Amino acid sequence: MKKVVISGTGLYTPEHSISNDELVNSFNTYVAQFNEKHKQDIQAGKTSALMESSSAFIEKASGVKSRYVIDKAGILDPNRMKPYIPERTNETNSLQCDMSIIAAKEALKQAGKKVQDVDMVIVACSNLQRAYPAIAIEIQNQLDIQGFAYDMNVACSSATFGIQAAMNAIQTGSARCVLMLNPEICSSHLNFRDRDSHFIFGDACTAVILEDAELANSHSQYEILGTKLHTLFSNNIRNNAGFLNRCDDSGLNQPDKLFIQNGRKVFKEVCPMVADHITAHLNKLSLKPETINRLWLHQANLTMNHLIAKRVLGREASTLEAPVILDRYANTSSAGSIIAFHLHHTDLPRGSLGVISSFGAGYSIGSIVLKKC
């Protein structure tokens, strides 16, 4: 069986950042306007008054301090509260294509590869801005990559599922070098008027180069020792946006067409599932948790990450062992664990072991066990 390595990664970070204070100021202005507008109905008990948010609440609930976004002004406008992202003509690159190209070029440079070396492109993310043609094929065309490309969606676990798909393609001989991309514009599906979730997401794009180990020549390489994927249906994280929405006008613009979740149930159910998943994966590979040098976990919630790391390692993990990037990036869905890997993997010595882990809607869970070459 061919050995497959991750030989390069790339990251696109939007230029705009929103602090908790900025987000809270916008949200609380909206709350004040809503409560004043519906004052009589609130007093009559016909509707409930909205509660204000606070930076302290956000940081305690999630660990998020700021987030990068494609558009800042539209989100912070209390009369709009969603990003303004103009539609592009069919002759212009899509936004996700542009994001991906920036991340891809960094990954290619890090891997010491040219576009001619790549023969497969996967775009794996939570939301795609169109049904077809595939964003992956558009990127393939713009980079002048020969071979084939396709899009896939497994919500927050899209990157780990994409990594396994890329590895399988290399091991079966259908590809030699794969570019796997995660262009996440999470601000577009976030309800900024919902106190319980208005702070969760940010935007970013990551890129990963995977290739046959015999062809790799980059300075930093990680061999994939194993992958493990798992899905279990749950309604606790959901987004009902889809092409059938227009067929029933009553559902248009309803909250369920954006991100919705039962956060308490997600926390209670997902944390033990992820910890058990990683532990079982390590056992299958005859690896003990104490031999793991780094956990690159999905960056959704700081408390969840602390709990998962503790259950896997049997003790509290240091910030070096389980690096955190969600404080400044927030939850970037599938890109989160890859951002953590991208920013926190070069310092490890040869032979170090680590796990990239994802978890999210579905439920979907993925783990990739790596060894530094």
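Residues numbered from 1 in each chain as written. Predicted model: local features only at pLDDT ≥ 70, side-chain atom pairs only at ≥ 80, totals over all residues. Heavy atoms only, no water.

A. Inspection of the overall build of the protein chain at higher detail. If you tally the helices and strands in the protein chain, you get eleven helices and 13 strands. A globule of 373 residues ought to have a C-alpha radius of gyration of about 21 Å, and the protein chain, at 21 Å, matches this closely. Overall, the protein chain is about 70 × 55 × 35 Å in size when its C-alpha atoms are taken along their principal axes. A buried classification covers 54% of the 373 residues belonging to the protein chain. In the protein chain, once contacts between residues fewer than 6 apart in sequence are set aside, the share between residues at least 24 apart is 79%. Accessible surface, the protein chain: about 17,300 Å² in total, of which carbon and sulfur atoms supply 50%. For the protein chain, the distance from the average site of its 37 positive side-chain charges to the average site of its 36 negative ones is 5 Å. (Helix = DSSP H or I, 4+ residues; strand = E, 2+ residues; numbered from the N terminus. Rg over C-alpha atoms; globule rule 2.2 N^0.38 Å. Buried < 20%, exposed > 50% of the residue type's maximum accessible area, 1.4 Å probe, protein only. Contact = heavy atoms within 4.5 Å. Areas by Shrake-Rupley, 256 points an atom, 1.4 Å probe, with all protein chains shown as cover. Lys, Arg positive; Asp, Glu negative; His and termini not counted. Charge placed at Lys NZ, Arg CZ, Asp CG, Glu CD.)

B. A look at the pattern of salt bridges. A complete count under the given rule lists eleven salt bridges for this structure. Here Asp256 makes a salt bridge to Lys257, at a shortest N to O gap of 2.8 Å. Take Lys257: its relative accessible area is 18%, and that puts it in the buried class. Put simply, Glu321 and Arg315 hold a salt bridge, and the shortest N to O gap is 2.6 Å. By relative accessible area, which is 18% here, Glu321 ends up buried. (Salt bridge = Lys/Arg side-chain N within 4 Å of Asp/Glu carboxyl O.)

C. Focus on the environment of Gln40. Mapped onto the elements of the fold, Gln40 is located in helix H2 (residues 39–43). The class for Gln40 is exposed, based on a relative accessible area of 66%. In this structure, the C-alpha to C-alpha distance between Gln40 and Gly314, residues 274 residues apart in sequence, is 55 Å.

D. Inspection of the side chain of Ser220 at higher detail. Tracing the backbone shows Ser220 in the loop between strand E7 (203–212) and strand E8 (222–231). With relative accessibility at 13%, the residue Ser220 sits in the buried group. Once residues lying within four places of it in the same chain are set aside, the contact partners of Ser220 are Ile6, Ser7, His345 and Lys372.

E. Here's a closer look at the nonpolar core. Formed by 44 residues in total, the largest nonpolar core has its most connected members in Ile278, Leu282, Leu295 and Ile308. Among the elements of the structure, helix H1 (20–37), helix H8 (263–284), strand E11 (294–297), helix H9 (302–313), strand E12 (353–360) and strand E13 (364–372) are those that each provide at least two residues to this core. When residues in this core are grouped by element, the largest group, seven residues, is from H8. Sequence-distant contacts of Ile308, defined by excluding residues within four places in its chain, comprise Cys271, Val274, Ala275, Ile278, Leu297 and Phe359. Ranked by size, the runner-up nonpolar core spans 36 residues in total, among them Ala159, Met167, Ile170 and Phe341. (Core = buried A, V, L, I, M, F, W, Y, C linked by side-chain atoms within 4.5 Å.)

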